[in-house]
Amino acid sequence: MTLIRLQRLDEAVVALKHNTKLQPMSPYGWYQLARVHLDRHEPDETRKIIRHLHGFEPKVAAQLERETGLAP
């Protein structure tokens, strides 16, 4: 979260990808990673995460869709 606040988005992506590998079923890391991809103007990466979240955390996926305006 500190990396995101400091706008060190490239480093945040690396850290969040590591987090999602360690905790693949935790929606929190996936949610944050999707938001960082959106901040980096990478809507396709954000959509991939939304699709992934639909498989095990549909409420979080729907929240991301509402917040970003992106459909999977």
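Notes on the structure follow. (Residues numbered from 1 in each chain as written. Predicted model: local features only at pLDDT ≥ 70, side-chain atom pairs only at ≥ 80, totals over all residues. Heavy atoms only, no water.)

**Some remarks on helix H4 (residues 43–54)**
1) Next: In this model, H4 (12 residues) spans 16 Å end to end at C-alpha, consistent with the 16 Å of a helix rising 1.5 Å per residue.
2) Next: Residues of H4 that are buried sit in contact with helix H3 (27–39) and helix H5 (58–68). (Helix = DSSP H or I, 4+ residues; strand = E, 2+ residues; numbered from the N terminus. Expected span 1.5 Å × (residues − 1). Contact = heavy atoms within 4.5 Å.)

**Points about the side chain of Thr 68**
1) Next: Topologically, Thr 68 is positioned in helix H5.
2) Next: Among the polar contacts listed, one links the side chain of Thr 68 to the backbone nitrogen of Leu 70, at a separation of 3.1 Å.
3) Next: Ignoring any residue separated from it by four or fewer positions in sequence, one finds Thr 68 in contact with Arg 35, Leu 38, Thr 46 and Ile 50. (Polar contact = N/O pair within 3.5 Å; in protein donor to acceptor, adjacent residues only side chain to side chain.)

**Some points on the pattern of salt bridges**
1) Next: Taken as a whole, this structure holds six salt bridges when the rule is applied.
2) Next: Between Arg 40 and Glu 42 there is a salt bridge; the shortest N-O distance is 2.9 Å.
3) Next: Bridged by salt links that share partners, the residues Asp 10, Arg 40 and Glu 42 form one connected network. (Salt bridge = Lys/Arg side-chain N within 4 Å of Asp/Glu carboxyl O.)

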